[in-house]
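An overview of the molecular structure
Letter by letter, the chains look like this.
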Amino acid sequence: MTVTETMGEGTGTRADICAGPAQGERRADGRDTYTISEVVALTGLSAHTLRWYERIGLMPHVDRSHTGQRRYSNRDLDWLALVGKLRLTGMPVADMVRYAEMVREGDHTYGDRLELLTATREDVLARIAELQGTLAVLDRKISFYADAGGVPAAERSGP
């Protein structure tokens, strides 16, 4: 079972839908076996990063071929897309690993997952507000220089 599988087929309980599809061409479910090099090409992550995610428990179960080669699925790609989004939020890796552990533990962790994601959302909103303030300063400066026509202040304030 991959980290995103939180329910059995046909149980009627809600699944933890991770993220949209990964970039690039994906195979149909049931034919969705990807090598590590294919996942590198689809996700932009390095093979080293993929192996590290597996080692730290962020990507805890990746199927293997009979020769021991990693075989990723569409669900793995979905999980990696979510991890990428969580990284963009600035969520610490330890929290991402904790989230992955909660997903594996099952539905009884919904409350804890909600709390973690809500706190992360609040952090993102605070960063967005900070960036909007920074953007406003840049816009004022750009407007100032555009209105001045690029003429130095000493030349503008002349007679």
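Just so we're clear, the structure is a prediction, and the values are computed from it rather than from any experiment. (Residues numbered from 1 in each chain as written. Predicted model: local features only at pLDDT ≥ 70, side-chain atom pairs only at ≥ 80, totals over all residues. Heavy atoms only, no water.)

**Describing the packing of aromatic side chains**
- Counted according to the given criterion, the structure contains 3 aromatic pairs.
- When the centroid spacing of 6.1 Å and the interplanar angle of 5° are considered together, the rings of W79 and Y99 count as stacked. Taken as a pair, W79 in helix 3 (residues 74–89) and Y99 in helix 4 (residues 93–105) lie far apart in primary sequence, 20 residues in all.
- Given a relative accessible area of 1%, W79 falls into the buried group.
- Seen from their ring centres, F144 and Y145 are 5.1 Å apart, and the 75° between their planes marks the pair as edge-to-face.
- F144 gets classed as partly exposed once you look at its relative accessible area, which sits at 40%.
- Geometry around F144 places K141 over its ring, the cationic atom sitting 6.0 Å from the centre. (Phe/Tyr/Trp six-rings, centres within 6.5 Å; stacked < 30°, edge-to-face > 60°. Helix = DSSP H or I, 4+ residues; strand = E, 2+ residues; numbered from the N terminus. Buried < 20%, exposed > 50% of the residue type's maximum accessible area, 1.4 Å probe, protein only. Lys NZ or Arg CZ within 6 Å of the ring centre and 35° of its normal.)

**Observations concerning a negative patch on the surface**
- Taken together, E101, E105, D112 and E115 make up a surface patch of like negative charges.
- Inspection of the secondary structure puts E105 in helix 4.
- Judged by its relative accessible area of 49%, E105 falls in the partly exposed class. (Patch = residues over 30% accessible without salt bridge, like charges linked within 9 Å, V, L, I, M, F, W, Y side chains within 5 Å. Areas by Shrake-Rupley, 256 points an atom, 1.4 Å probe, with all protein chains shown as cover. Salt bridge = Lys/Arg side-chain N within 4 Å of Asp/Glu carboxyl O. Lys, Arg positive; Asp, Glu negative; His and termini not counted. Charge placed at Lys NZ, Arg CZ, Asp CG, Glu CD.)

**A closer look at the packing of helix 4 against helix 5 (residues 110–148)**
- One can describe the packing of helix 4 onto helix 5 by two numbers: an axis separation of 10 Å at closest approach and a directional angle of 155°. Judged by the inter-axis angle, helix 4 sits roughly antiparallel to helix 5. Once helix 4 is placed against helix 5, the crossing between them reads as left-handed. Residues D95, R98, Y99, M102 and V103 of helix 4 lie in contact with helix 5, whose contacting residues are D112, R113, L116 and L117.
- Residues that form the contact of helix 4 with helix 5 fall into these classes: 5 nonpolar, no polar and 4 charged. (Axes fitted to C-alpha atoms, helices over the stretch in contact; angles between N-to-C directions. Parallel < 35°, antiparallel > 145°, perpendicular 65-115°, else oblique. Left-handed = near helix turned anticlockwise from the far one by under 90°. Contact = heavy atoms within 4.5 Å. Nonpolar A, V, L, I, M, F, W, Y, C, P; charged D, E, K, R; others polar.)

**Things to note about the pattern of salt bridges**
- In the structure shown here, the tally under the stated rule is 4 salt bridges.
- Between D78 and R26 there is a salt bridge whose closest N-O contact spans 2.8 Å. With D78 in helix 3 and R26 in the segment before helix 1 (36–43), the pair connects residues that are 52 residues apart, well separated along the chain.
- Note on R26: relative accessible area 25%, which makes it partly exposed.
- Here the residues in one salt-bridge network are E54, R64 and R70, joined through shared partners.

**Comments concerning the confidence of the model for the protein**
- Looking at the protein as a whole, the pLDDT averages 85, with 79% of positions reaching at least 70.
- When pLDDT is averaged over each element of the protein, helix 4 comes out on top at 97 and helix 6 (residues 153–156) at the bottom at 60.
- Considering only residues more than four positions removed or in separate chains, one finds that residues 1–17, a stretch of pLDDT under 50, has 31 contacts. (pLDDT = per-residue confidence, 0-100.)

**Quick notes on the nonpolar core**
- Of all hydrophobic cores here, the largest spans 25 residues; its most connected members are L58, Y72 and W79.
- Contributing elements (two or more residues each) for this core: helix 1, helix 2 (47–56), helix 3 and helix 4. (Core = buried A, V, L, I, M, F, W, Y, C linked by side-chain atoms within 4.5 Å.)

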